[in-house]
Amino acid sequence: QVQLVESGGGLVQPGGSLRLSCAASGSILSINDMRWYRQAPGKQRELVATITGGGSANYANSVKGRFTISRDNSKNTVYLQMHTLTPEDTAVYYCNADLLAAGSRWYLEGYWGQGTQVTVSS
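Residues numbered from 1 in each chain as written. Predicted model: local features only at pLDDT ≥ 70, side-chain atom pairs only at ≥ 80, totals over all residues. Heavy atoms only, no water.

## As for unusual backbone geometry
The phi torsion at Asn76 lies on the positive side, around 50 degrees, for a residue other than glycine. By secondary structure assignment, the location of Asn76 is in the loop between β7 (67-72) and β8 (77-82). (Helix = DSSP H or I, 4+ residues; strand = E, 2+ residues; numbered from the N terminus.)

## Things to note about the packing of aromatic side chains
Working definition: an aromatic ring pair is given by the centre-to-centre distance plus the angle between the planes. Summed over the entire model, instances satisfying the criterion amount to 2 aromatic pairs. Arranged with centres 4.9 Å apart and planes meeting at 55 degrees, the rings of Tyr37 and Trp112 form a pair that is tilted. Pair noted here: Tyr37 is in strand β4 (residues 28-39) and Trp112 is in strand β10 (residues 107-112), with a separation of 75 residues, a long-range link. Of the residues examined, Tyr37 reaches a relative accessible area of 19% and is grouped as buried. On the accessibility criterion, Trp112 (36% relative accessible area) is partly exposed. Taken together, a centroid distance of 6.2 Å and an interplanar angle of 90 degrees make the contact between Tyr94 and Trp112 edge-to-face. Residue Tyr94 is located in strand β9 (residues 91-101), and its partner Trp112 is located in strand β10; the two are separated by 18 residues in the primary sequence. (Phe/Tyr/Trp six-rings, centres within 6.5 Å; stacked < 30°, edge-to-face > 60°. Buried < 20%, exposed > 50% of the residue type's maximum accessible area, 1.4 Å probe, protein only.)

## What about the side chain of Asp89?
Summarising the element assignment, Asp89 is placed in the loop between β8 and β9. For Asp89, the side chain forms a polar contact with the side chain of Arg38, separated by 2.9 Å. With residues near it in sequence (within four places) discarded, Asp89 still touches Arg38, Arg66, Phe67, Thr84, Val118 and Val120. (Polar contact = N/O pair within 3.5 Å; in protein donor to acceptor, adjacent residues only side chain to side chain. Contact = heavy atoms within 4.5 Å.)

## Remarks on the pattern of salt bridges
Throughout the structure, instances matching the rule amount to 5 salt bridges. One salt bridge in this structure joins Arg38 and Asp89, with 2.9 Å as the shortest N-O distance. Linking Arg38 in strand β4 with Asp89 in the loop between β8 and β9, this pair joins segments that are 51 residues apart in sequence. Across the pair, exposure class does not vary: Arg38 and Asp89 are buried alike. With its nearest N and O atoms 2.8 Å apart, the salt bridge here joins Arg66 to Asp89. Note that Arg66 is positioned in the loop between β6 (57-59) and β7 and Asp89 in the loop between β8 and β9, a separation of 23 residues in sequence. A single burial state applies to Arg66 and to Asp89, both of which are buried. One network of salt bridges, with partners in common, ties together Arg38, Glu46, Arg66 and Asp89. (Salt bridge = Lys/Arg side-chain N within 4 Å of Asp/Glu carboxyl O.)

Printed below as a string of structure tokens:
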């Protein structure tokens, strides 16, 4: 019933920028923390950024100063603005959220989207 759908990924040159979006849909009463993870080939999935329901953000050291996480609660959407991209940023980026489903009133922690590919290459 609830879905998280990522968009905005693609191929970008080193030094370029992309903005990822993750829209939550379905019968949702509220969303607390939202997160972006990424997984590069041969590496474990890592937490990139977190934003609380109140808008407080935290970042992995590898992306501090380059990435910005934000959210639009009216659209149930979280964004990841990425600047100064390098090949090390190449990965599948996954959206993750803690949310309250309206129909069942289940509180779902760590609900996943299916990911969007970001490739940084010349």
